[in-house]
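An overview of the molecular structure
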Amino acid sequence: MTPSRRRTLRILAAGLAVPLGVLGLQSTQGLPRPVRWQGEALGAVSAMTLWSVDPARASRALWRMQFEIARLEAIFSLFRPDSELSRLNRDGRIERPSRDMVEVLDLSRRIAEASRGMFDPTIQPLWALHAGSRAPDPRLIERVLPLVDYTCLTARRSGIQFGRPNMAASLNGIAQGYVTDRITELLGNEGFESAVVELGETRVLGQAPDDRPYSIGLVNPNVPGRISGQVALANAALSVSGGYGQALPDGTGNHLFDPRSGLSAGSLSQVAVIAPKSALADAMSTAICVAGEGAALAILSTVPSARAILTRPDGTSVEV
Amino acid sequence: MQTGTARSWLPRTWRLPGLLALALGAWLVGPTPIWAQGDARETPSLLDRLTPEVMSAVFPGITRLEMVKDDGPVAAAVYRREEKAGYVFSTLDVLRAPGYSSTPFDVVAGVTMDGRITGAVVLFHREPYLINDARRTALLVTFLQAIEGSEARLGAESGLPPDFVAGATISARAMRNAVQEGARMVLRYRTEEIVITEPTIDMINFKPMSQEQLVADGGLAFAHVTNAMLAEVMARAGVGDLLPEVPMSGGPDDTYINFVTGYANPPKVGRNGAGLEPFDELTNRWPTGTQGIFVATLGGVYDHRGTRYNNLSNGFLLDRVKVTQGQQDFSFTKADMIVTRGKIADILVLPPDSGFDPMQPWRADLFATAVRPDGKMERFVLAGLDYTLPDSMILMPEPDPPPVWVEPWADSMFDIAILATALALLTALLAFQAQLARQRRLHRWLRISFLVFTLVWIGWIASAQLSIVHLINYLKAPFVNLDLAFYLAEPLIVILAGYTAISLVLLGRGVFCGWLCPFGALQELLAQAARTLNLPQWTPSMPTQRVLWNGKYVALGVILLLTVVAPDAATVAEEVEPFKTAITSVFVRGLPFVAYAVVLLVIGLFVERAFCRFLCPLGAGLALLDRLHLFELIKRRPECGNPCQLCERSCPVKAIEPSGEVVTAECFQCLDCMVEYYDDRRCPPLAKLRKEQEQAAGFRPDLNSAGAYLRAQS
Ligand code: SF4
Ligand code: SF4
């Protein structure tokens, strides 16, 4: 063997040794294991599941995420009198809002425009009307309807303001979606590859550890407690809207209102939207739920790669 | 709590279709509860939901139940034989959240008047989309069992640490918190909530306790005086040859007196000791602020009262008992005694302005008298009892919860200790680098060991690889209003980042890159192996290298720019850094990532630390900040660079200019050059000096002549 051949061989061998060593290391690691956190965020029963080869690191990360959840709760909570949202609703305006608040309102506006007001962040006065114990007087609804108008809401970094007195915002699902997005992105930022974040909305990071998409069951809107189908989800968010999710205390229907009539919407019994982000998915599913099947395509087209599974009251479903 | 794993699906007609009705325990498996039938629009009233089965699980042993008619949180008062035992409430009623979502579960729970949870039952429960319930149901049962007996009032055990992850059910924590919060709300409205802001004597809690229990608990101080002890005390008092006023009876071991004393105001002491009536007199008939000292004689021939306190001539003075606190003495007269009938037990009262502080220790002296032959009385202390109010009688304010980030630090104490030791060692290595560099073998050995530690422990085991993501997070911190705790909760990273920041200012980028970066260590260890195997090494010329050096700044620039304009793209760009792949996930990642990392490592075999020098954005960030450093670690001589090129050649990463100048931004402070610098057989000026000295002395080589050179220089 000539010296130069021996040299080449040595180079090749060394070059090969590295990948082999890496493979060897990899095999000592075992499979990523799930670490799970459960709790409550923005009033919703919540969970985060994180897969990692290092469970200690994963649980530290989950623990840290709670600081972020707590911070966002202090902005978006409707129950806390001192939250940014509560102050906005009480005072009709707010100086120097947080970046998060402006971002959520911007997003709401985008979807509101795309859905021609079917999704409306200023729906809160209607909500409040229905939250009483009796069905609201139709005349009251008449009076409240003009207060539901997202175009009267200006949101800038310098300040947020309602155009009319007594308006109020309910960021409901979209805020939960925003929190879900933030957390999912932070987890990705921390270097995690696979996670399911359920903070009022569901978003998955990456794929399930076996390299298949996560399979998320959809509640059957007509048969409570049953699963009507499964959605494969990878690196995407799923938001399900439907009348069944919450019943109003006054018994007149569900939590989705038609801003045109002020009454519960009900043309579809369930809308599941799959979109890259939870906040978008939530706003779109709400909008489609209110606007009906016909408007679905137009609304979905505002977000590339968004799709939806619509379930009609008769139990049939379509995918758009 | 009665538990079971059986479940029943509530009828479809239930008015909240879609709420996944999860009923735990046998009570719901039987007849369908009233409130689940029909399509009643109203939420069934609490009373309707409290079926006997539910009640027996939630608040066992009660005899009567009645709704509380006030404006407070909805609750039913429960009675045990006409004595109010507590409340039963439903989390749905009490905490119903008007807004985002109606409470997704209803837990009925009971709480006693003093804030103990007696039991809890889940009446319905809605699960979210991920399906997994057989396991969760079982876990939920165990979880709710753990609620029993937890305290609601003082929040002693409110909630689980948020870190509680492994496998509990999805709503369990929320439920548990809801139960405790609900209990607090129900109680706060009906019982006068005592907000304890400073340690307060427990004037509320009472439980029947025997004298023995009180003594054991510290509520009473106890003195047992035998005849023998009496004789001893008298001897010490100098009246040993006299007779006691009350003669002894029986042998030396028989009891002369058993005496107890204690602070009477806490009901545990006063009510148990003196009985209901005297205690009531103390608390209700004397002015507020009156303090009571409980004294009692439990046996023996002697007693603490005597008879003289009945005599006017004696001023009605109770001359057998005196209380002392600090410099202050307190004596009592007949008027100050609340006497217990049928027992030799009294409460001695101190007026509110007496200056007695029950929180401070005090002392009660029991006196006895000896009679001189001439009839004169000699008083002496028979027993002195020191008393300090026991902790069990003091309500402590709720401790301020420690800042949230403390927990991860406490949890990783052990890791922190390891890291701190390593950093201390590294600091020592750098501080004594001259001594270290003189020992070629030791330097080699220490360096390789430290790199192995950095790679294996810091990198793979503790996952504490500092990365560009951290740098960007820290830079972004002022703008993104993430909670400070968010950063603090990663102790090892915080420590490493702090150490790196300080070392950056003092010495330069090399302390981190050369010693603490796991990926850097991995490359360097591979390069060492490559050199051992004699693999060919590519060394770019200085001008080429200068161009290549800029590569990392470009990488950093692109990432920073993207962070601002397109955060999503920035996350992709950050992947230029193979740390996630090679270190934090130990190569358990998608093939493209692993392949990229492997390619970088293979290149590193032939070009020393190629990634570090030409591509690493974190290295670039540190190199930029490095411009500020205050001290030069790498020493130079006038001969360095001209004519000598020894250091330059020895530098594995070629961070020494041909002029002999060290480019600190590219120096990894591996100290290889310093080993040459101090080697008086290889460093030419040093070698020359050594030879001169040897010749002058006509002497064999002095192995430590580097020191001599330095001395000669200075
Ligand atoms: S240049 Fe980058 S990879 Fe190299 S040691 Fe420094 S931080 Fe680590
Ligand atoms: S050999 Fe090079 S990298 Fe190492 S300390 Fe000297 S100049 Fe720095």
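Given the structure is predicted, the values throughout are model-derived calculations rather than measurements.

**So, the confidence of the model for chain A**
Residues and elements named next belong to chain A. Chain-level pLDDT for chain A is 76 on average; 79% of the residues reach the 70-or-more range. Of all the helices and strands in chain A, helix α5 (residues 124-130) carries the lowest mean pLDDT, 67, while strand β7 (residues 202-205) carries the highest, 88. Counting contacts from residues 244-255, a segment whose pLDDT is below 50, to residues more than four positions away or on other chains yields 46 contacts.

**Structural notes on the site of ligand 1**
Residues and elements named next belong to chain B. What surrounds ligand 1 is the set R509, F512, C513, C517, G520, F579, R609, F611, C612, C616, L618 and G619. Elements with a contribution of two residues or more to the shell around ligand 1: α17 (510-516), α23 (610-614) and α24 (617-626). Looking at side-chain class alone, the shell around ligand 1 contains eight nonpolar, two polar and two charged residues.

**Thoughts on the nonpolar core**
Within soluble globular proteins, side chains that are nonpolar tend to cluster in buried spots. Ranked by size, the top nonpolar core spans 87 residues in total, and within it L516, F519 and L618 of chain B carry the most contacts. Here this core takes eight residues from helix α22 (residues 591-606) of chain B, the largest share from any one element. Contact partners of F519 of chain B, with chain neighbours within four places excluded, come to Q465, P578, F579, A582, I583, L601 and F611 of chain B. Listed in part, the 73 residues of the second largest apolar core include L72, I174, A195 and L268 of chain A.

**Some thoughts on the sheet that holds strand β5 (residues 159-162) of chain A**
Residue and element names in this part refer to chain A. Pairing within the open sheet is antiparallel, and its three strands lie in the order β3-β5-β4. In the strand order of this sheet, the two ends are held by β3 (93-95) and β4 (153-155), each with one partner. Put simply, the sheet's adjacent strands are angled 5° from each other on average, direction ignored. For β3 and β5, the ladder comprises three bridges, and the chain directions are antiparallel. Looking at β5, one finds that I94 is bridged to I160. Each of β3 and β5 touches helix α3 (residues 84-91); the most contacted strand, β3, lies at about 125° to it.

**A closer look at the pairing of strand β10 (residues 291-299) of chain B**
Consecutive side chains of a regular strand alternate in pointing toward one face of the sheet and then the other. Residues and elements named next belong to chain B. Where burial is concerned, most of β10 is hidden: seven out of the nine residues are buried. In the sheet, strand β9 (residues 255-263) pairs with β10 via six bridges, with the strands oriented antiparallel. Note on β10: the bridge partner recorded for T261 is V295.

**Considerations on the environment of A687 of chain B**
Residues and elements named next belong to chain B. In this structure, A687 sits in helix α27 (residues 684-697). With a relative accessible area of 8%, A687 lands in the buried category. The contact partners of A687, leaving out residues within four places of it in the chain, are D680 and R681.

**Describing empty space enclosed by the protein**
Overall, the coordinates contain six cavities of 30 Å³ or more when judged by the stated rule. By volume, the largest cavity is sized at about 310 Å³. Those elements giving two or more residues to the lining of the largest cavity turn out to be α2 (55-76) of chain A together with α14 (468-476) and α21 (579-584) of chain B. With four residues, the top contributor of residues to the lining of the largest cavity is α14 of chain B. When grouped by side-chain class, the residues that make up the lining of the largest cavity number five nonpolar, eight polar and seven charged.

**As for the sheet that holds β10 of chain B**
All names here are of chain B. Across the sheet, which stays open at both edges, the five strands sit in the order β7-β9-β10-β14-β13 with antiparallel pairing between neighbours. The sheet is open, and its two edges are formed by β7 (221-226) and β13 (337-339), each paired on a single side. Going from strand to strand, the sheet's axes swing by 20° on average, the running direction of each strand aside. Across the face of the sheet, helix α7 (residues 227-236) comes into contact with β7 and β9 while running at roughly 90° to β7.

**Here we look at the packing of helix α19 (residues 542-565) of chain B against α24 of chain B**
Residues and elements named next belong to chain B. α24 packs onto α19 with a crossing angle of 100° between their chain directions and a minimal axis gap of 8 Å. Compared by their axis directions, α19 and α24 come out roughly perpendicular. Touching K552, Y553, A555, L556 and I559 of α19 are P617, G619, A620, G621, A623 and L624, all from α24. Of the residues belonging to the contact of α19 with α24, the class tally is eight nonpolar, two polar and one charged.

**Observations concerning the pattern of salt bridges**
Tallying each qualifying case throughout the model produces 33 salt bridges over all chains. The closest approach of N and O atoms between E185 of chain A and K277 of chain A, which form a salt bridge, is 3.4 Å. Remark: K277 of chain A occurs in the loop between β11 (270-275) and α8 (278-291) and E185 of chain A occurs in helix α7 (residues 172-189); sequence separation between them is 92 residues. The partner of R320 of chain B in a salt bridge is E245 of chain B, and the shortest N-O contact between them spans 3.4 Å. In this pair, R320 of chain B sits in the loop between β10 and β11 (321-325) while E245 of chain B sits in the loop between β8 (243-244) and β9, placing the two residues 75 residues apart along the sequence. Since its relative accessible area comes to 5%, R320 of chain B is described here as buried.

**Some words on the packing of helix α8 (residues 267-274) of chain B against helix α9 (residues 276-285) of chain B**
All names here are of chain B. Here α8 crosses α9 at 135°, and the two axes come no closer than 6 Å. Taken together, the axes of α8 and α9 are oblique relative to one another. Seen from α8, the contacting residues are P267, G270, R271 and A274; seen from α9, they are L276, P278 and F279.

**A word on the side chain of K552 of chain B**
Residues and elements named next belong to chain B. Its place among the elements puts K552 in helix α19. Side-chain polar atoms of K552 contact the side chain of E666, separated by 2.6 Å. The residues touching K552, leaving out its near neighbours within four places in the chain, are R509, C612, R613, F614, L615, C616, P617, G619, A620, A623 and E666.

**What to know about the side chain of S354 of chain B**
Residue and element names in this part refer to chain B. Along the chain, the position of S354 falls in the loop between β14 (345-350) and β15 (362-371). Since its relative accessible area comes to 12%, S354 is described here as buried. Engagement of the side chain of S354 in a polar contact is seen with the backbone nitrogen of F356, the distance being 3.3 Å. In this view, S354 contacts Q328 and F330; residues no more than four positions away in its chain are not counted.

**Considerations on the packing of aromatic side chains**
Under the defined criterion, the tally for this structure stands at 14 aromatic pairs over all chains. Aromatic pair W63 of chain A and F67 of chain A: ring centres 5.8 Å apart, planes at 75°, arrangement edge-to-face. Of this pair, W63 of chain A and F67 of chain A both sit in helix α2, four residues apart, which is roughly one turn of that helix. Here W63 of chain A falls in the buried class, since its relative accessible area comes to 6%. Judged by relative accessible area, which is 8%, F67 of chain A ranks as buried. Relative to F453 of chain B, the ring of F450 of chain B lies with its centre 6.0 Å away and its plane at 65°, an arrangement referred to as edge-to-face. One end of the pair, F450 of chain B, and the other, F453 of chain B, are both in helix α13 (residues 440-461), three residues apart, so they sit about a helical turn from each other. The positively charged end of R379 of chain B is found above the aromatic ring belonging to F367 of chain B, 3.8 Å away from the centroid. A cation over an aromatic ring shows up here: R637 of chain B above the ring of Y677 of chain B, its NZ or CZ 3.7 Å from the ring centre.

Criteria and thresholds
Residues numbered from 1 in each chain as written. Chains lettered and ligands numbered in written order. Predicted model: local features only at pLDDT ≥ 70, side-chain atom pairs only at ≥ 80, totals over all residues. Heavy atoms only, no water. pLDDT = per-residue confidence, 0-100. Helix = DSSP H or I, 4+ residues; strand = E, 2+ residues; numbered from the N terminus. Contact = heavy atoms within 4.5 Å. Near = heavy atom within 4 Å. Nonpolar A, V, L, I, M, F, W, Y, C, P; charged D, E, K, R; others polar. Core = buried A, V, L, I, M, F, W, Y, C linked by side-chain atoms within 4.5 Å. Buried < 20%, exposed > 50% of the residue type's maximum accessible area, 1.4 Å probe, protein only. Pairing = 2+ DSSP bridges. Axes fitted to C-alpha atoms, helices over the stretch in contact; angles between N-to-C directions. 1 Å grid on protein atoms, 1.4 Å probe; cavity = no way out; pocket = protein on both sides within 12 Å on 5 of 7 lines; lining within 4 Å. Points joined across faces, edges and corners; volume = space filled by probe spheres on them. Parallel < 35°, antiparallel > 145°, perpendicular 65-115°, else oblique. Salt bridge = Lys/Arg side-chain N within 4 Å of Asp/Glu carboxyl O. Polar contact = N/O pair within 3.5 Å; in protein donor to acceptor, adjacent residues only side chain to side chain. Phe/Tyr/Trp six-rings, centres within 6.5 Å; stacked < 30°, edge-to-face > 60°. Lys NZ or Arg CZ within 6 Å of the ring centre and 35° of its normal.

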